[in-house]
Amino acid sequence: MRLATWNVNSVRARVDRVIAFLERSQTDVLAIQETKCRDEQFPVAAFEAAGYEVAHVGHSAWNGVAIASRVGIADVETSFPGQPGFAKPAAPAPADDAPAEAPDASPDEAPATLLEVPPPVEARALGATCAGVRVWSLYVPHGRAVDDPHYAYKLAWLGALHDAAAGWLDDDPRTQVALVGDWNVIPLDTDVYDPAAFAGHTHVTPAERQAFTAFATAGYTEVTREHLPAEHTYTYWDYQQLAFPRNKGLRIDFAYTSPAVRERITGVVIDRDERKGKGASDHVPVILDLADPA
DNA sequence: ATGCCCCCGAAACGGGGA
């Protein structure tokens, strides 16, 4: 079985390239991130015409994750248990000369406050079982800046995913789980074209790197590095400043798997050619080849 | 070579991305 993950940066803008990739690579299961659409906007027909079923979660033009499979897709979950939400920071308090709220609220109806309303869970994780493998398509929050609330959200999100994923590794050594996607963490200095360019930024802080490596101590193995250990092996290149021709990239797309999946993997390919040409995503597919189960 | 940012929705710019 061929299992791939790809941050496509808008599935509607790139559906032809995605379908062409599926057919060219003969991928059986594709985890997709950043679809940037609501469920009813997802181009399901093109995938079905190519022989794939699709499970998707998307609430707006932001985020959005999916799994396309031609080997079955079952038990879909559109978030993981305990997945934190993100609340936009509260608007600044009104100026002193702003008109006061009219005191006409019904006394027996307490006004809703931010503290009482849980922040919305974003479309960043989708789980489904495909040919016996529990696949999670993951789009880890970016973080934006270390002093931004989005950064604390990113760490909380990774921590909650870790706790959930640790529970998925039960005592059965046959349990097949794959956590794949855009992790938005640069685990090593050799995973970035120039570490100095990221000094003081997100993706490289010790807290983010610790949150990432914690999955290994929980019993998962990051199998893309296991099979492709070369330094400066990138999965993302910015659109700006000729980053791709100059090979100024980042390695931020990874696959943590349970031992039973790890032992099936015969090879990993990063489809660097997919970054070429007009209409490319800024990320490329990362492909895992799995032998038939023992 | 691969090539000088791109996507979205709302509005004709601004937010988000990494």
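Residues numbered from 1 in each chain as written. Chains lettered and ligands numbered in written order. Predicted model: local features only at pLDDT ≥ 70, side-chain atom pairs only at ≥ 80, totals over all residues. Heavy atoms only, no water.

Structurally, Ala-199 can be placed in the loop between strand 8 (177-182) and helix 4 (206-217). Residues Ala-199 and Ala-230, spaced 31 residues apart in sequence, show a C-alpha to C-alpha distance of 23 Å. (Helix = DSSP H or I, 4+ residues; strand = E, 2+ residues; numbered from the N terminus.)

Taken together, 28 residues are adjacent to DNA strand B, and Ser-10, His-142, Arg-144, Phe-244 and Leu-250 come closest. When the atoms of DNA strand B within 4 Å of the protein are grouped by moiety, sugar and phosphate amount to 67% of the total. At 3.1 Å, a side-chain N or O of Asn-184 approaches a phosphate oxygen of DNA strand B. Separating a sugar or linking oxygen of DNA strand B from a backbone N or O atom of Tyr-239 is a distance of 3.4 Å. (Near = heavy atom within 4 Å. Polar contact = N/O pair within 3.5 Å; in protein donor to acceptor, adjacent residues only side chain to side chain.)

Our focus in this paragraph is the UniProt feature "site: Important for catalytic activity" (unreviewed entry) in chain A. Those residues carrying the UniProt feature "site: Important for catalytic activity" (unreviewed entry) are Asp-253 and His-283 in this numbering. Judged by maximum C-alpha separation, these annotated positions cover 31 residues in sequence but sit close together in space, the widest gap being only 8.3 Å. The subset of the named residues that lines the largest pocket consists of His-283. Given a relative accessible area of 2%, Asp-253 falls into the buried group. Look past the residues within four positions of Asp-253 in its chain and what remains in contact with it is Asn-7, Gly-181, Asp-182, Thr-224, Thr-235, His-283 and Val-286. A polar atom in the side chain of Asp-253 sits 2.6 Å from the side chain of Thr-235. (UniProt positions renumbered as here; feature names shortened; annotations may be inferred. 1 Å grid on protein atoms, 1.4 Å probe; cavity = no way out; pocket = protein on both sides within 12 Å on 5 of 7 lines; lining within 4 Å. Buried < 20%, exposed > 50% of the residue type's maximum accessible area, 1.4 Å probe, protein only. Contact = heavy atoms within 4.5 Å.)

Considering every residue of chain A, the mean pLDDT works out to 92; 90% of them sit at 70 or more. Residue range residues 94-111 is modelled with pLDDT below 50. Its contacts to residues more than four positions away, or to other chains, number one contact. (pLDDT = per-residue confidence, 0-100.)

The next thing to look at is helix 4. Along its twelve residues, helix 4 runs 16 Å from first to last C-alpha, staying within 8% of the 16 Å computed at 1.5 Å per residue. Glu-208, Arg-209, Ala-211, Phe-212, Ala-214 and Phe-215 are the residues of helix 4 that are buried. For helix 4, the secondary structure elements touched by its buried residues are helix 3 (149-168), strand 8, strand 9 (221-222) and strand 12 (253-257). One or two steps after helix 4, the chain reaches Gly-219, where phi turns positive at roughly 115 degrees. (Expected span 1.5 Å × (residues − 1).)

Before going further, it helps to spend a moment on the nonpolar core. Nonpolar side chains in soluble globular proteins tend to be buried together. Leu-288 and Leu-290 are the most contacted members of the largest nonpolar core, which has 31 residues in total. At the level of elements, strand 2 (29-33), strand 3 (53-57), strand 4 (65-69), strand 6 (125-130), strand 7 (133-139), strand 8, strand 13 (265-270) and strand 14 (286-290) are the ones that each hand at least two residues to this core. Those residues within four positions of Leu-288 in sequence are excluded, and the remaining contacts are Met-1, Arg-2, Leu-3, Val-223, Thr-224, Ala-255, Ile-265, Gly-267 and Val-268. Leu-169, Val-185, Ala-211 and Tyr-256 belong to the second largest nonpolar core, which has 24 residues in total. (Core = buried A, V, L, I, M, F, W, Y, C linked by side-chain atoms within 4.5 Å.)

Okay, the sheet that holds strand 14 next. Here we have six strands laid out as an open sheet, ordered 3-4-2-1-14-13, and mixed in their pairing. Looking at strand neighbours, the two that pair on one side only are strand 3 and strand 13, the edges of this open sheet. With strand direction ignored, the average angle separating the axes of adjacent strands in the sheet is 15 degrees. The pairing of strand 1 (residues 2-7) with strand 14 spans four bridges and is antiparallel. Across the sheet, residue Leu-3 finds its bridge partner in strand 14, namely Leu-288. Seen against the sheet, helix 1 (residues 15-25) touches strand 1, strand 2 and strand 14 and runs at an angle of roughly 155 degrees to strand 1. (Pairing = 2+ DSSP bridges. Axes fitted to C-alpha atoms, helices over the stretch in contact; angles between N-to-C directions.)

Let us look at the environment of Arg-70. Its place among the elements puts Arg-70 in the loop between strand 4 and strand 5 (74-77). Sequence separation of Arg-70 and Glu-48 is 22 residues, and the distance between their C-alpha atoms is 9.1 Å. Not counting the four nearest positions on each side in its chain, Arg-70 is found in contact with Gln-26, Thr-27, Asp-28, Gly-51 and Tyr-52. Polar contacts involving the side chain of Arg-70 include one to the side chain of Gln-26, which spans 3.2 Å. Reaching out from Arg-70, the side chain makes a polar contact with the side chain of Asp-28 at a distance of 2.7 Å.

As recorded in UniProt, the feature "binding site: Mg(2+)" (unreviewed entry) lies at Asn-7, Glu-34, Asp-182, Asn-184, Asp-282 and His-283. Taken together, the annotated residues stretch across 277 residues yet fold into one region, lying no more than 13.1 Å apart by C-alpha. Within the annotated group just given, the residues that line the largest pocket are Asn-7, Glu-34, Asp-182, Asn-184, Asp-282 and His-283. Judged by relative accessible area, which is 0%, Asn-7 ranks as buried. Setting aside residues up to four positions removed in sequence, Asn-7 forms contacts with Gln-33, Glu-34, Tyr-139, Asp-182, Asp-253, Ser-281 and His-283. Here Asn-184 falls in the buried class, since its relative accessible area comes to 5%. Those residues in contact with Asn-184 that sit more than four places away from it in its chain are Tyr-139, Val-140, Pro-141, His-142, Lys-154, His-203, Glu-208 and Ile-252.

This model, assessed by the stated rule, comprises 14 salt bridges. Arg-70 is paired through a salt bridge with Asp-28; the nearest N and O atoms lie 2.7 Å apart. Of this pair, Arg-70 sits in the loop between strand 4 and strand 5 while Asp-28 sits in the loop between helix 1 and strand 2, and the two are 42 residues apart along the sequence. Overall, the relative accessible area of 14% leaves Asp-28 in the buried class. Asp-191 is the partner of Arg-225 in a salt bridge, and the nearest nitrogen-oxygen pair spans 2.6 Å. Taken together, the residues Arg-225 in helix 5 (residues 223-227) and Asp-191 in the loop between strand 8 and helix 4 connect sequence positions 34 residues apart. A single salt-bridge network, built from bridges that share partners, covers Arg-17, Arg-24, Asp-271 and Glu-274. (Salt bridge = Lys/Arg side-chain N within 4 Å of Asp/Glu carboxyl O.)

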